[in-house]
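Close look at the chain arrangement
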Amino acid sequence: MHRILIATTNPAKLAEYRILLRQMEIDLEPVSLADAGIKDVPEETGETFRDNALAKARFYFARSNVATLADDGGLEVDALGGAPGVRSHRWLGSATSTDRALAEEVIRRMEGIEKPRRTARIRAALALIYKDDGAVREVVAEDAIEGLIAPRAYPEIRPGFPYRAVLWLPELSCYLAELGEDEEARLSQRKKALQRLRGDLQMVMSQAVAPLS
């Protein structure tokens, strides 16, 4: 089976991509950074999710020699000027900030803001890099899940996904964090972005199988 490197150190995100590719009937075997023997981590210094996704994809593609999918994303709150945005995972200025602390900080900063102004979204930018007849192709797609910031955080926070505990989905009358894995994957911003990359993913499937470096 053809392989695709999922360039993330987040086990939950890797598991989600396995579900998404299966749901989309994309016949590619997701491999982890550990499978590829890669321990290096790139700096995320981009001004946008797109910048960071591309930087990560380029970094890991150069080290693996196989098609590489990387992403970057986070929460955008309109009443906070789009924050935390591209700094979603570094918002509190500490690499040791907990998922709970990030979620509770959103709730704290939104205190007293009326419902019509609580609009927010979880956005993702996906970058795919692969070889096509010897030439290196780079493609990027973005999408988001729209909702509202809830008045309080959902009690259970899935490790690695703090902002799903604060995003309320009015059309479903529930938190994003309440959804099961399959339902969450169906609505996922990553799935919607992956759909935009379907043609390129099919191109990866048509290439000869390359060894991991």
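Residues numbered from 1 in each chain as written. Predicted model: local features only at pLDDT ≥ 70, side-chain atom pairs only at ≥ 80, totals over all residues. Heavy atoms only, no water.

1. Remarks on the overall build of the protein chain
- The secondary structure content of the protein chain amounts to six helices and seven strands.
- Element order for the protein chain, N to C, with α for helix and β for strand: β-α-β-α-β-α-β-β-β-β-α-α-α.
- Oriented by its inertia axes, the alpha-carbon framework of the protein chain measures out at about 55 × 35 × 25 Å.
- Within the protein chain, residue pairs in contact and separated by at least 24 positions form 68% of the contacts whose partners lie at least 6 positions apart.
- On the protein chain, roughly 10,300 Å² of surface is accessible, and the fraction owed to carbon and sulfur atoms is 48%. (Helix = DSSP H or I, 4+ residues; strand = E, 2+ residues; numbered from the N terminus. Contact = heavy atoms within 4.5 Å. Areas by Shrake-Rupley, 256 points an atom, 1.4 Å probe, with all protein chains shown as cover.)

2. Points about unusual backbone geometry
- The linkage connecting alanine 83 with the following residue, proline 84, adopts the cis geometry, with an omega of 0°.
- Counting through the fold element by element, proline 84 comes out in the loop between β3 (68-77) and α3 (99-109).
- Positioned with a positive phi, asparagine 65 is a non-glycine residue whose angle comes to about 65°.
- With respect to the helices and strands, the residue asparagine 65 is situated in the loop between α2 (49-64) and β3.
- On the basis of relative accessibility, which here comes to 34%, the residue asparagine 65 falls in the partly exposed class.
- Phi angles above zero are rare outside glycine, and serine 173 is one such case at about 55°.
- Following the sequence through the fold, serine 173 ends up in the loop between β6 (167-169) and β7 (174-175). (Buried < 20%, exposed > 50% of the residue type's maximum accessible area, 1.4 Å probe, protein only.)

3. Some words on the pattern of salt bridges
- Scanning all chains against the criterion turns up 21 salt bridges.
- Across the pair lysine 192 and aspartate 143 runs a salt bridge, and its minimum N-O distance is 3.8 Å. Here aspartate 143 lies in strand β5 (residues 135-149) and lysine 192 lies in helix α5 (residues 189-196), a separation of 49 residues in the sequence.
- Taking relative accessible area as the criterion, lysine 192 reaches 32% and is therefore assigned partly exposed.
- The class for aspartate 143 is buried, based on a relative accessible area of 15%.
- Between aspartate 143 and arginine 196 there is a salt bridge, with the nearest N and O atoms lying 2.8 Å from each other. Highlighted residues: aspartate 143 in strand β5 and arginine 196 in helix α5, separated in sequence by 53 residues.
- On the basis of relative accessibility, which here comes to 55%, the residue arginine 196 falls in the exposed class. (Salt bridge = Lys/Arg side-chain N within 4 Å of Asp/Glu carboxyl O.)

4. Details of empty space enclosed by the protein
- Summed over all chains, the structure comprises one cavity of 30 Å³ or more.
- In this structure, the largest cavity occupies an estimated 40 Å³ of space.
- Lining of the largest cavity is provided by Glu16, Ile19, Arg158, Arg164, Glu181, Glu184 and Ala185.
- Examining the composition of the lining of the largest cavity, we find that three residues originate from one element, helix α4 (residues 181-187), more than from any other. (1 Å grid on protein atoms, 1.4 Å probe; cavity = no way out; pocket = protein on both sides within 12 Å on 5 of 7 lines; lining within 4 Å. Points joined across faces, edges and corners; volume = space filled by probe spheres on them.)

5. A word on the side chain of asparagine 52
- With respect to the secondary-structure elements, asparagine 52 resides in helix α2.
- In terms of polar contacts, asparagine 52 uses its side chain to reach the backbone amide nitrogen of threonine 45, at 3.4 Å.
- The contacts of asparagine 52, once residues within four sequence positions are left out, are Glu44, Thr45, Gly46, Asp72 and Val86. (Polar contact = N/O pair within 3.5 Å; in protein donor to acceptor, adjacent residues only side chain to side chain.)

6. Digging into helix α1 (residues 11-23)
- Helix length check: α1, at 13 residues, gives a terminal C-alpha distance of 19 Å against a target of 18 Å (1.5 Å per residue), a fit within 8%.
- By the burial criterion, the buried members of α1 are Ala12, Lys13, Leu14, Glu16, Tyr17, Ile19, Leu20 and Leu21.
- Lining the buried residues of α1 we find β1 (2-6), β2 (28-31), β3, β4 (119-132), α4 and α5.
- A distance of 2.9 Å separates the backbone nitrogen of alanine 12 from a side-chain oxygen at the start of α1, and that oxygen is part of asparagine 10.
- Immediately beyond the C-terminal end of α1, within one or two residues, lies glutamate 25, with a positive phi of roughly 60°. (Expected span 1.5 Å × (residues − 1).)

7. A word on the packing of α1 against α5
- Viewed as axis vectors pointing N to C, α1 and α5 meet at an angle of 50°, and their least axial separation amounts to 10 Å. As summarised for this structure, α1 and α5 are arranged oblique, according to the angle between their axes. Here α1 and α5 pass one another in a crossing that is right-handed. Residue-level contacts link Lys13, Glu16, Tyr17, Leu20, Leu21 and Gln23 of α1 to Arg190, Lys191 and Leu194 of α5. (Axes fitted to C-alpha atoms, helices over the stretch in contact; angles between N-to-C directions. Parallel < 35°, antiparallel > 145°, perpendicular 65-115°, else oblique. Left-handed = near helix turned anticlockwise from the far one by under 90°.)

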